[in-house]
Amino acid sequence: MRVLYKKELSDHLDSTRYQILFVLLACIMIFAVNGAISTISQAAQQTSDGQTSVSEFLFLQLFTTSGSNVYSFSTFIGFLGPIVGIMLGFDAINEEVAQGTLNRLAAQPIYRDTIINAKFLAGLTAVAIMIFTLGGVMTGYGLIRTGLVLTGEEVARIVMYLLMCTLYISLWMALAELFSVTSRYAATSALASIAIWLFLTMFWSTIVSGIAGSIYPVNGGGYQAQLNAISNYSLQTGLNRVSPYYVFSEITTILMNPNVHSTNVVSLLTSQEGAVASYLSFGQSLLQIWPHIVLMIAETVIFFAAAYITFMKREIRA
Amino acid sequence: MKKNFLVRTGAAGMAAMMLGVMLTATPVMAAGQTEDSTEVVVGSGITMYTSYPGLTVKAGDTATFALNFTNATSSGETMELSASSKDGLEGYFTGSSNTVNSVYVPYGNNQSLVTYTVNVPDDTQDGTYHITLTAKGASHTSTVNLTLQVQELDLGASTLKAETDKQSGDSSSSLSYSLTLQNNSLETQTFKLSADDAPKGWKVTFADSNGSSLESVDVDPVGSTTIKVTVTPSSDAGAGDFKIPVKAVSDSENLEQDLTATITGTYDLGLTTQSGTLSFKAKANKKTPVVLDITNSGNDTLNNINLTATAATDWTVEFSESTIDSLAAGETREVTAYVTPASSAISGDYAMTIKASADEANTSNQFRVTVETQTVWGIVGIIIILGIAAALIAVFNKFGRH
């Protein structure tokens, strides 16, 4: 298993595909950080002019602040992270089948599940390497550029955020691997994965607001519409959370902005009274997104387990 | 009749001196003299007199007599002034701010030409004293007998008196008194000022009228001085009247004056948590006990202290003791507040105000409540993850084909 894992990992790291993704993300990271720094320094100048106040956790904003014409790092990860996962996983099994190497691999004195386990773990490791390298470089670059000093809590939040990025990308990788097992051709699995990614990331929120709007109409004003507003919102949020993209964005918000107390806007509104603007501790922030984390882990495991079962039940013919 | 006679005599004298040709003018001259007649003095010769020849004075005082002269002669005259007294009282004559011993008395009435001043020594006994003043000229002599009724000074005990011996204020203010120290002896006395018997913790300082502080004060013989006394009560002085005996002690005398300070009651309530912090942690929908210290920091008993809390909607705050009947000065009472945040409260800080109001005073403090999400859901999440892991292992075992 270890041999296979190492081989798969080196395959990943050596592959042009991985290197291209890596360079792509690195470029994006540099652009995003520069954009964030210019925005933050403008804000900081305004603060010294006595206009607005700056968060205590300024450094975290490097990850979430967007520049004037470039998305923030977290937005890029939310959009493009799935692509990385899909690219690393969509041809995991069917490529081997197509090249006829799976037979030879299965002929080796190894358990068959070792093959898929090693592939998944190697993919996971490759993702983790990519994310933590980028995150680390970004942190260092941000430190040099801004001169901010990191607090222990900021470090904890950044590490947790990078872990969540890895988990998010792994989720998509698990999904792509499931398609790579079920579909015969790599192109099919790639298209299927990308279709799901596009659907959940781009269109799901539109569909959700349509569904919520038809069940709890809020148009036309009136008392009923006002009553519906909260139900409508709750339903939208609930349905949106089907999409890992939405879940990940909530995780990002809570983790990287200690000022946000809850992902639930309704409870935020109702418990606003008497609340004092304050920062949540890391543990408290983590508790807020704990269900999200559990959900992402569960989805990853379920996708992987489905791929595993499918793969194990399959006949490998010569 | 007398006046006419005088005029006529003067006119006759002049007429006699002028003789022959002047005779025709005589009636004119006589008429002129008659017109001046208000200036013309009564009697003959030169008279010295004073309006009030008898004075009553105190020993140590100065008696002055304004001396008037009437010259009824035709010409002025220089007169020697002298005074004699068998009782030994001595004085001096002054005129135009100078000490004089003779005076020129021109014709007519001369008011207050000379002043005679007598210094009555401090040790002069009671009694009546006589002084004879004599003005002696070449041809006239006039005498005035003066009588001085001397009342002896009230010598003996010096006095220490307060203009106001009662002042009131709260325990944080300082009270000012004004004392007059009268030295009734014939010597300069040095009085040492003290207030050693003032209540404990009180501060008493002395100052002269200019405000510079004094430990002791010199008082001239038969003189007096004003002493300002500043009393600073101890900060924990309770309400009520306090006696502050102030002493002025010299070598021979021991004076005392009681000052009274009325301290008005101050009422002050303190409210804080036992740790002194104004923040604590609570979990949503979970009763959290917070021990509060309610302190009476005033100097009088507080009655009927009611505790109330203002918090966000759906929060409940209960007190182990919502009413304290009375709390003596300086005492502290522990009260436990049970704070239950609303079940919908989300993580973060909330403001909550607890107010303690007694009949006499009230205080309120804002507390910062950090609401934390209950970790039970975190544990549930971990259980779910463990369940997923177990399921994965089960999948591995079932389909592993090992």
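Keep in mind that what you see is a predicted model, and the values were worked out from it rather than measured. (Residues numbered from 1 in each chain as written. Chains lettered and ligands numbered in written order. Predicted model: local features only at pLDDT ≥ 70, side-chain atom pairs only at ≥ 80, totals over all residues. Heavy atoms only, no water.)

**Digging into the interface of chain A and chain B**
Note the following rule: Note on contacts: a residue pair qualifies if any of its non-hydrogen atoms lie within 4.5 Å across the two residues. Summed over both partners, the accessible surface that disappears when two parts come together, traced with a 1.4 Å probe, is what is meant by buried area. Within this document, salt bridges are pairs made up of a side-chain nitrogen of Lys or Arg and a carboxyl oxygen of Asp or Glu, the two lying within 4 Å of each other. We call two N or O atoms a polar contact when they sit within 3.5 Å, provided that within protein one can donate a hydrogen and the other can accept it, with sequence-adjacent residues counted only if both atoms are side-chain atoms. Going along the chain from the N terminus, every DSSP run of H or I of four or more residues is numbered as a helix, and every run of E of two or more is numbered as a strand. The residue classification treats Ala, Val, Leu, Ile, Met, Phe, Trp, Tyr, Cys and Pro as nonpolar and Asp, Glu, Lys and Arg as charged. All others, Gly included, are polar.
At the junction of the two partners, chain A supplies 31 residues and chain B supplies 31 residues. When the two sides are added together, the surface that chain A and chain B hide from each other amounts to roughly 2600 Å², 66% of it contributed by carbon and sulfur. Taken together, the links from chain A to chain B amount to zero salt bridges. Summed over the shared surface of chain A and chain B, the number is one residue pair in polar contact (both at pLDDT 80 or more). Of all elements in the fold, only helix H7 (112-146), helix H12 (265-270), strand E1 (275-276) and helix H13 (282-313) of chain A reach the threshold of two or more residues within the side of chain A that touches chain B. Here the element with the most residues in the side of chain A that touches chain B is H13 of chain A; it accounts for 14 residues. In terms of residue class, the side of chain A that touches chain B is made up of 17 nonpolar, nine polar and five charged.

**Focus on the side chain of Thr 273 of chain B**
All names here are of chain B. Put simply, the rule reads: Only protein chains enter the accessibility calculation, which uses a 1.4 Å probe. A residue is then buried if its area is under 20% of the maximum for its type, exposed if over 50%, and partly exposed in between.
Positionally, Thr 273 belongs in strand E21 (residues 269-273). When its relative accessible area of 4% is taken as the criterion, Thr 273 is described as buried. A distance of 2.3 Å separates a polar side-chain atom of Thr 273 from the backbone oxygen of Thr 277.

**Comments concerning the layout of surface pockets**
As a reminder, the rule being used: We place a 1 Å grid over just the protein atoms. Points where a 1.4 Å probe fits but has no way out form a cavity, open points with protein on both sides within 12 Å along at least 5 of 7 lines form a pocket, and any residue with an atom within 4 Å of a point lines it. Grid points are joined across faces, edges and corners, and a volume is the space filled by probe spheres set on the points.
In this model, the second largest pocket occupies a volume close to 530 Å³. In terms of lining, the second largest pocket is formed by 23 residues, of which the most central are Leu 287, Gln 288 and Pro 291 of chain A together with Thr 373 and Trp 377 of chain B. Of all the secondary-structure elements, those providing two or more residues to the lining of the second largest pocket are H13 of chain A together with strand E29 (362-372) and helix H3 (376-399) of chain B. Top element by residues in the lining of the second largest pocket is H13 of chain A. It accounts for five residues. Class assignment for the residues of the lining of the second largest pocket results in eight nonpolar, 13 polar and two charged.

**Regarding helix H1 (residues 2-14) of chain A**
Residue and element names in this part refer to chain A. In plain terms, the rule: Expected helix span is computed as 1.5 Å times (number of residues minus one). Think of the arc as the fan of directions from the helix axis to the C-beta atoms.
In this model H1 runs 18 Å from its N-terminal to its C-terminal C-alpha over 13 residues, within 8% of the 18 Å that 1.5 Å per residue would give. Turning to H1, its buried residues are Leu 4, Glu 8, Leu 9 and His 12. For H1, the arc enclosing every buried residue in end-on projection is 130 degrees, short of the 170-degree limit, so these residues lie on one face. Exposed positions of H1 whose direction lies more than 90 degrees from the buried face are Arg 2, Val 3, Lys 6 and Asp 14.

**Some words on the sheet that holds strand E16 (residues 213-214) of chain B**
One key point about sheets: their strands pair by backbone hydrogen bonds, in either a parallel or an antiparallel sense. Residue and element names in this part refer to chain B. Condition: DSSP-based pairing: two strands are paired if at least 2 bridges between them are found.
The strand order across the open sheet built from five strands is E11-E13-E18-E15-E16, with neighbouring strands paired in antiparallel fashion. Two strands in the sheet have a free side with no partner beyond their single neighbour: strand E11 (159-162) and E16. Where E11 lies against strand E13 (residues 175-182), four bridges are found, and the strand directions are antiparallel. The partner of Ala 162 across the bridge, within E13, is Leu 179.

**Some details on the environment of Ala 36 of chain A**
All names here are of chain A. Tracing the sequence through the fold places Ala 36 in helix H2 (residues 16-48). Taking relative accessible area as the criterion, Ala 36 reaches 0% and is therefore assigned buried. Taking the C-alpha atoms as reference, Ala 36 lies 7.5 Å from Phe 63; in sequence the two are 27 residues apart.

**Some remarks on a nonpolar patch on the surface**
All names here are of chain A. Rules: Exposure above 30% relative accessible area and the lack of any salt bridge qualify a residue for a patch; like charges then connect within 9 Å, and the nonpolar side chains Val, Leu, Ile, Met, Phe, Trp and Tyr within 5 Å. Calculation of accessible area relied on Shrake-Rupley with a 1.4 Å probe; when residues are assessed, cover is drawn exclusively from the protein chains displayed.
Taken together, the side chains of Ile 194, Leu 198, Phe 199, Met 202, Phe 203, Ile 207, Ile 211 and Ile 215 define a hydrophobic patch exposed on the protein surface, amounting to about 630 Å² of accessible area. Tracing the sequence through the fold places Ile 207 in helix H9 (residues 186-215). Assessed through its relative accessible area of 34%, Ile 207 is described here as partly exposed.

**Examining the confidence of the model for chain B**
All names here are of chain B. The following threshold applies: What pLDDT expresses is the predictor's confidence in each residue, scored from 0 to 100.
Here chain B averages 80 in pLDDT, and 88% of its residues register 70 or above. pLDDT under 50 marks residues 9-39. Its contacts with residues more than four places away, or in other chains, come to ten contacts. Two summary scores accompany this predicted model of the complex, namely pTM at 0.63 and ipTM at 0.73.

**Let's talk about the packing of aromatic side chains**
For clarity, the threshold we go by: When the centres of two rings from Phe, Tyr and Trp lie within 6.5 Å, Trp using its six-membered ring, the rings pair. Their planes under 30 degrees apart give stacked, over 60 give edge-to-face, and anything left gives tilted. Lysine and arginine charges are scored as sitting over a ring when NZ or CZ, respectively, is within 6 Å of the ring centre and within 35 degrees of the ring normal.
Per the stated rule, a full pass over the model turns up 16 aromatic pairs over all chains. Seen in terms of ring centroids, Tyr 18 of chain A and Phe 22 of chain A are 6.2 Å apart; in terms of plane orientation they differ by 55 degrees. Their pairing is tilted. Of this pair, Tyr 18 of chain A and Phe 22 of chain A are both found in helix H2, four residues apart, which corresponds to roughly one turn of the helix. Judged by relative accessible area, which is 4%, Tyr 18 of chain A ranks as buried. Connected via pairs of aromatic rings, a cluster forms that spans Phe 63, Phe 73, Tyr 161, Tyr 168 and Phe 248 of chain A. Directly above the aromatic system of Phe 311 of chain A lies the positively charged group of Arg 112 of chain A, at a separation of 5.9 Å from the ring centroid. A cation over an aromatic ring shows up here: Lys 287 of chain B above the ring of Tyr 338 of chain B, its NZ or CZ 5.3 Å from the ring centre.

**Focus: the pattern of salt bridges**
Residue and element names in this part refer to chain A. One pass over the full model with this rule turns up 13 salt bridges over all chains. Put simply, Lys 7 and Glu 8 hold a salt bridge, and the shortest N to O gap is 3.8 Å. A salt bridge links Arg 157 to Glu 153; the shortest N-O distance between them is 3.2 Å. Note that Arg 157 and Glu 153 are positioned in helix H8 (residues 152-182) at a spacing of four residues, about one turn of the helix. Classification of Glu 153 by relative accessible area gives partly exposed; the value is 27%. Via salt bridges that share partners, Lys 7, Glu 8, Asp 11, Glu 96 and Lys 119 belong to a single interconnected network.

**Some details on the pairing of strand E27 (residues 332-340) of chain B**
Residues and elements named next belong to chain B. Bridging between strand E23 (residues 288-296) and E27 involves eight bridges; their strand directions are antiparallel. Counted as the bridge partner of Pro 289 is Tyr 338 from E27. Across four bridges, the pairing between strand E25 (residues 316-319) and E27 is antiparallel. Its bridge partner being in E27, Glu 318 is matched across the sheet by Tyr 338.

**Overview of the environment of Leu 62 of chain A**
Residues and elements named next belong to chain A. By secondary structure assignment, the location of Leu 62 is in helix H3 (residues 61-64). Owing to a relative accessible area of 1%, Leu 62 belongs among the buried residues under this scheme. Taking the C-alpha atoms as reference points, Leu 62 and Ile 37, separated by 25 residues in sequence, lie 6.6 Å from one another. Among residues more than four places away in sequence, those in contact with Leu 62 are Ala 36, Ile 37, Ile 40, Met 138, Gly 142 and Thr 146.

**Comments concerning the packing of helix H4 (residues 73-89) of chain A against H9 of chain A**
All names here are of chain A. Heads up, the condition is: Between N-to-C directions, angles span 0 to 180 degrees; the directions come from axes that are lines fitted to C-alpha atoms, helices contributing only their stretch in contact. Note on terminology: angles under 35 degrees are roughly parallel, angles over 145 are roughly antiparallel, angles of 65 to 115 are roughly perpendicular, and the others are oblique. Each helix crossing is assigned a hand: it is left-handed if the near helix lies turned anticlockwise from the far helix by less than a right angle, otherwise right-handed if that turn is clockwise.
Running from N to C, H4 and H9 point in directions that differ by 165 degrees, and their axes come no closer than 11 Å. In terms of orientation, H4 lies roughly antiparallel with respect to H9. Seen along the crossing, H4 lies across H9 with a hand that is right-handed. Here Phe 79, Pro 82, Ile 83 and Ile 86 of H4 come into contact with H9, specifically with Ser 193, Ile 194, Trp 197, Thr 201 and Met 202. Looking at side-chain class alone, the contact of H4 with H9 contains seven nonpolar, two polar and no charged residues.

**As for unusual backbone geometry**
Residue and element names in this part refer to chain B. Despite not being glycine, Ser 97 has its phi angle at roughly 70 degrees, a positive value. In this structure, Ser 97 sits in the loop between strand E5 (91-95) and strand E6 (98-100). Residue classification places Ser 97 among the exposed positions, given a relative accessible area of 76%. Positive phi, close to 50 degrees, is recorded for Ser 112, a residue that is not glycine. With relative accessibility at 45%, the residue Ser 112 sits in the partly exposed group.

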